[in-house]
Amino acid sequence: ITTKLGFSEYINDMENGLLINYDKGELLNKISLLMEDYQLRRNIKKNARKTAVKFDKQIMINKYYSLYKEII
């Protein structure tokens, strides 16, 4: 769960995380939703891992290396 001003560029709401406005009530609703919906939790967990792998340290190093090599 993150705010739309946080990591929203990495999160697709209800797919690999949950986005909220900066609102306590909305946060409570999203927490309740996750607690009650096992399938949603499972899907978000699976998709979040897929997203996180894209930002693995070695993958990022290789991308920057390729970029710098291309620039030079």
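Preceding this paragraph is the structure being described.
Note that the coordinates shown come from a computational prediction; the quantities given were computed from them, not determined experimentally. (Residues numbered from 1 in each chain as written. Predicted model: local features only at pLDDT ≥ 70, side-chain atom pairs only at ≥ 80, totals over all residues. Heavy atoms only, no water.)

1. A closer look at the overall build of the chain
How we decide: Working definition: helices are DSSP H or I runs of at least four residues, strands are E runs of at least two. Numbering for both runs from the N terminus. The classification of residues rests on relative accessible area computed with a 1.4 Å probe and restricted to protein chains. Under 20% of the type maximum is buried, over 50% is exposed, and intermediate values are partly exposed. Contact between two residues is taken to exist if any of their heavy atoms lie within 4.5 Å; hydrogens are not considered. In these tables, accessible area is a Shrake-Rupley quantity obtained with a 1.4 Å probe, and a residue counts as shielded only by the protein chains included in the view. Just so you know, the count uses Lys and Arg for positive and Asp and Glu for negative, and it drops His and the chain ends. Charge positions come from single atoms, namely NZ of Lys, CZ of Arg, CG of Asp or CD of Glu.
Regarding its fold elements, the chain presents 3 helices and 2 strands. The N-to-C order of helical and strand elements in the chain reads β-β-α-α-α. Here the chain, with 72 residues, has 21% of them falling under the buried criterion. If you take every contact in the chain between residues at least 6 apart in sequence, the share linking residues at least 24 apart comes to 32%. Surface accessibility of the chain: about 6100 Å² in total, with carbon and sulfur atoms responsible for 58%. Between the averaged position of the 13 positive side-chain charges in the chain and that of its 9 negative side-chain charges there is a distance of 8 Å.

2. Remarks on a nonpolar patch on the surface
Selection rule: Without a salt bridge and with relative accessible area above 30%, a residue can belong to a patch; like charges are then joined within 9 Å and nonpolar side chains (Val, Leu, Ile, Met, Phe, Trp, Tyr) within 5 Å. Here, a salt bridge means any side-chain nitrogen of Lys or Arg that lies within 4 Å of a carboxyl oxygen of Asp or Glu.
Where nonpolar side chains cluster on the molecular surface, the patch consists of I1, L27, L28, I31 and M35 and spans about 470 Å² of accessible area. Relative to the helices and strands, M35 resides in helix α1 (residues 24-36). Judged by relative accessible area, which is 63%, M35 ranks as exposed.

3. Thoughts on the environment of K46
Considering the arrangement of structural elements, one finds K46 in helix α2 (residues 38-53). By relative accessible area, which is 46% here, K46 ends up partly exposed. Considering only alpha carbons, one finds K46 and E15, 31 residues apart in sequence, at a separation of 9.2 Å.

4. Some details on helix α3 (residues 57-71)
Note the threshold: One fewer than the residue count of a helix, multiplied by 1.5 Å, yields its expected span. Distance and chemistry together define a polar contact, namely a pair of N or O atoms within 3.5 Å, with one atom able to donate a hydrogen and the other to accept it when in protein, and with adjacent residues in sequence counting only for side-chain atoms on both sides.
The end-to-end C-alpha distance of α3 is 21 Å, a good match for the 21 Å that 15 residues give at a rise of 1.5 Å each. The N-cap of α3, judged by a side-chain oxygen 3.1 Å from the amide nitrogen of Q58 a few residues on, is D56.

5. Some words on the side chain of T2
Secondary-structure assignment places T2 in strand β1 (residues 2-3). Ignoring sequence-local partners within four residues, the contact set of T2 consists of F7, I11, L18, L19 and I20.

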